[in-house]
Amino acid sequence: MPMNVRFFTLHLPVIIFLVSCAAPSTDLPSTAHLDKASIRREHIGYGINYAKERDKKIQSTFYQIIKNTGSELCDRKLRPGLGFDYGVRRPRLSWWQSLSAEQKQEEKDLQELNPTAEDNSIYVRFVIPGSAADKAGLQEHDQILSIFGISAPGGNGVADKFQEILDKNLTPNFIGMPVEMEVSRKGKVISLTINPDEICPYSLVIDKSTHQVNAFSDGEKVYLTEEIIDYLPEQNDLAAVLSHELAHNTMGHIDSQQLNQTVGVIAGAVFDVLADTDGSGMLIGMELGGNAYSKDFENEADYVSAYYMARAGYDYKAMRDLYKKLAARDMGSIYVDGVTHPKPQERYALLYETAQEIDLKKNFNEDLLPDFKARNSHLEDKRD
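Residues numbered from 1 in each chain as written. Predicted model: local features only at pLDDT ≥ 70, side-chain atom pairs only at ≥ 80, totals over all residues. Heavy atoms only, no water.

Summing up its helical and strand segments, the chain has 12 helices and 11 strands in all. Counting all 384 residues of the chain, 38% fall into the buried class. Considering only contacts in the chain between residues 6 or more positions apart, those separated by 24 or more positions represent 68%. When the accessible surface of the chain is summed, it comes to about 21900 Å², and 55% of that surface belongs to carbon and sulfur atoms. (Helix = DSSP H or I, 4+ residues; strand = E, 2+ residues; numbered from the N terminus. Buried < 20%, exposed > 50% of the residue type's maximum accessible area, 1.4 Å probe, protein only. Contact = heavy atoms within 4.5 Å. Areas by Shrake-Rupley, 256 points an atom, 1.4 Å probe, with all protein chains shown as cover.)

Take a look at the structure:
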């Protein structure tokens with residue numbers, strides 16, 4: 001036996017004795033009479049419901065915004081929108097016998113807490129209030145039997161197969177066409193006709209990998225972290241954040257920043273050649289190009305997002321208060337002029353004036369559209 005192992009073995013009783021000297025001193029009440037299994041199921045059910053209600057609130061808010069951009073403020077062709085989220089009923093695992101007792105119990109709990117539907121089938125996770133699906137009578141927990149005259153898929157990859165059906169049929173070419181759907185509700189087959197909304201075709205992603213209070217866009221999607229959702233529980237604040245990030249996409253800011261960055265890299269490369277440097281010019285050019293007009297883009301996104309808020313029925317006057325809340329997390333931002341973002345008080349002032357502008361247009365029954373000093377070719381692109 002090695003010397004260090006022998007030493008540890010000989011002194012283990014002494015170590016255990018010393019550790020046991022630090023035991024708790026209170027006399028805890030007994031919990032033996034409580035049903036731990038029902039408490040466990042209650043916790044699992046709370047977690048499932050919490051995630052569903054959170055997603056419903058966020059997706060409902062975003063749907064309301066993209067439903068009211070109109071073709072004037074969306075850079076892409078509008079597409080049909082239904083307004084519901086779906087899930088897949090968990091199938092009973094084929095390797096059931098190989099699971100541990102704890103894993104079997106977890107599976108049983110999840111089976112009991114999931115909606116009543118056939119194994120491996122598509123069910124309605126939630127319906128967005130006021131959406132086309134809501135108006136047609138679709139309900140939470142409905143099992144989807146068919147849609148667009150196509151039977152709901154089964155087998156492996158059922159969620160991906162169902163999403164493919166939606167993607168193929170919810171395109172700009174099908175604007176104005178009703179959607180036929182069959183569902184099973186408490187054992188009864190019900191036929192529904194949904195008259196889709198017309199929505200700006202951007203999707204929302206809840207980012208679970210970035211652990212900070214943040215939201216961002218990439219030209220294709222809008223992203224919210226779980227932390228910003230928890231930090232801003234009020235729906236109007238979330239609508240303001242979502243509208244701002246959507247505006248970055250629709251106004252072409254991401255494409256413009258990438259173009260500016262490319263120009264900066266080229267200019268830096270030319271400098272490197274002329275000055276015979278080690279490539280530092282390219283790096284500096286990339287940073288300067290990427291940050292060019294960054295604060296102007298932020299201001300424009302704030303300005304346009306106020307119009308998104310007004311068109312969607314949210315309180316565009318209160319959205320300026322969002323920057324008080326964000327500044328409270330970083331008081332230094334009030335004094336330091338950032339490289340990429342304006343100071344919060346400057347954003348507050350811009351949104352105050354924007355609200356006055358929107359009020360004036362509403363009083364004179366004018367279209368709620370931002371004022372453009374120049375043509376925005378990206379907004380007029382209407383790409384597929």
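Quick look at the sheet that holds strand β11 (residues 221-225) now. The strand order across the open sheet formed by three strands is β9-β11-β10, and the pairing between neighbours is mixed. Two strands bound the open sheet, and with one partner strand each, they are β9 (203-207) and β10 (215-217). Across the sheet, the mean angle from the axis of one strand to that of its neighbour is 20°, orientation sign disregarded. With three bridges connecting them, β10 and β11 associate as antiparallel partners. Following the sheet pairing, phenylalanine 216 is matched in β11 by tyrosine 223. Across the face of the sheet, helix α2 (residues 36-66) comes into contact with β9 and β11 while running at roughly 145° to β9. Running over the sheet, helix α7 (residues 235-250) touches β9, β10 and β11 and is turned about 145° from β11. (Pairing = 2+ DSSP bridges. Axes fitted to C-alpha atoms, helices over the stretch in contact; angles between N-to-C directions.)

The subject of this paragraph is the pattern of salt bridges. Counted according to the given criterion, the structure contains 19 salt bridges. As a salt-bridge pair, arginine 125 and aspartate 85 come within 3.0 Å of each other at their nearest N and O atoms. Here the residue arginine 125 occupies a position in strand β3 (residues 122-127), and aspartate 85 occupies one in strand β2 (residues 84-88), the gap between them amounting to 40 residues. Here arginine 125 falls in the buried class, since its relative accessible area comes to 19%. (Salt bridge = Lys/Arg side-chain N within 4 Å of Asp/Glu carboxyl O.)

For phenylalanine 148, which is not glycine, the phi torsion reads 60° and is therefore positive. Relative to the elements of secondary structure, phenylalanine 148 occurs in the loop between β4 (143-147) and β5 (150-151). The phi dihedral of asparagine 365 falls on the positive side, at around 55°, and the residue is not glycine. Along the chain, asparagine 365 falls in the segment after α12 (344-363). Note on asparagine 365: relative accessible area 72%, which makes it exposed.

The next point concerns α7. If you check α7, its first and last C-alpha atoms are 22 Å apart, about what 16 residues at 1.5 Å a residue would give, namely 22 Å. Among the 16 residues in α7, 15 count as buried, and that is most of the element. With its phi angle positive at about 80°, glycine 252 sits one or two positions after the end of α7. (Expected span 1.5 Å × (residues − 1).)

In this section: the state of the cysteines. Should the sulfur atoms of two cysteines be covalently bonded, the bond is a disulfide. Taken as a whole, this structure holds one disulfide when the rule is applied. Each sulfur of the disulfide joining cysteine 74 and cysteine 200 lies 2.0 Å from the other. The disulfide joining cysteine 74 to cysteine 200 has a torsion of about 80° about its S-S bond and is therefore right-handed. Taken together, the residues cysteine 74 in the loop between α2 and β1 (79-81) and cysteine 200 in the loop between β8 (197-199) and β9 connect sequence positions 126 residues apart. Judged on exposure class, the residue cysteine 74 and its partner cysteine 200 are both buried. (Disulfide = S-S within 2.5 Å.)

In this structure, Ile65 and Leu224 are the most contacted members of the largest nonpolar core, which totals 48 residues. Breaking this core down by element, the ones donating at least two residues are α2, β9, β11, α6 (226-231), α7, α10 (294-312), α11 (322-329) and α12. Per-element accounting of this core gives the leading share, nine residues, to α10. Setting aside its immediate chain neighbours within four residues, leucine 224 contacts Ile58, Leu204, Val205, Ile206, Asp207, Asn214, Ala215, Ile229, Val241 and Leu242. Of all hydrophobic cores here, the second largest spans 22 residues; its members include Leu82, Ala132, Val179 and Leu192. (Core = buried A, V, L, I, M, F, W, Y, C linked by side-chain atoms within 4.5 Å.)

Following the sequence through the fold, leucine 351 ends up in helix α12. Once the C-alpha coordinates of leucine 351 and tyrosine 303 are considered, the two residues, 48 residues apart in sequence, prove to be 6.6 Å apart. Apart from the residues within four sequence positions on either side, leucine 351 is in contact with Asp302, Ala306, Met319, Arg320 and Tyr323.

This part is about the side chain of arginine 54. Position of arginine 54 among the secondary structure elements: in helix α2. The buried category is assigned to arginine 54, whose relative accessible area is 12%. Side chain to side chain, arginine 54 and aspartate 55 meet in a polar contact 3.0 Å long. The residues touching arginine 54, leaving out its near neighbours within four places in the chain, are Ile206, Lys208, Glu226 and Ile229. (Polar contact = N/O pair within 3.5 Å; in protein donor to acceptor, adjacent residues only side chain to side chain.)

The next subject is the packing of aromatic side chains. In total, this model carries four aromatic pairs according to the counting rule given. Taking 6.2 Å as the distance between ring centres and 20° as the angle between the ring planes, the aromatic pair formed by tyrosine 46 and tyrosine 50 counts as stacked. Residue tyrosine 46 and its partner tyrosine 50 are located together in helix α2, separated by four residues, close to a single helical turn. For the ring pair tyrosine 303 and tyrosine 307, a centre distance of 5.5 Å and an interplane angle of 75° mean the geometry is edge-to-face. A residue pair is termed a helical-turn pair when its members lie 3 or 4 positions apart in one helix, as tyrosine 303 and tyrosine 307 do in helix α10 at four residues. Relative accessible area serves as the criterion here: at 15%, tyrosine 303 is assigned to the buried category. Look at tyrosine 307 and you get buried, because its relative accessible area is 0%. (Phe/Tyr/Trp six-rings, centres within 6.5 Å; stacked < 30°, edge-to-face > 60°.)

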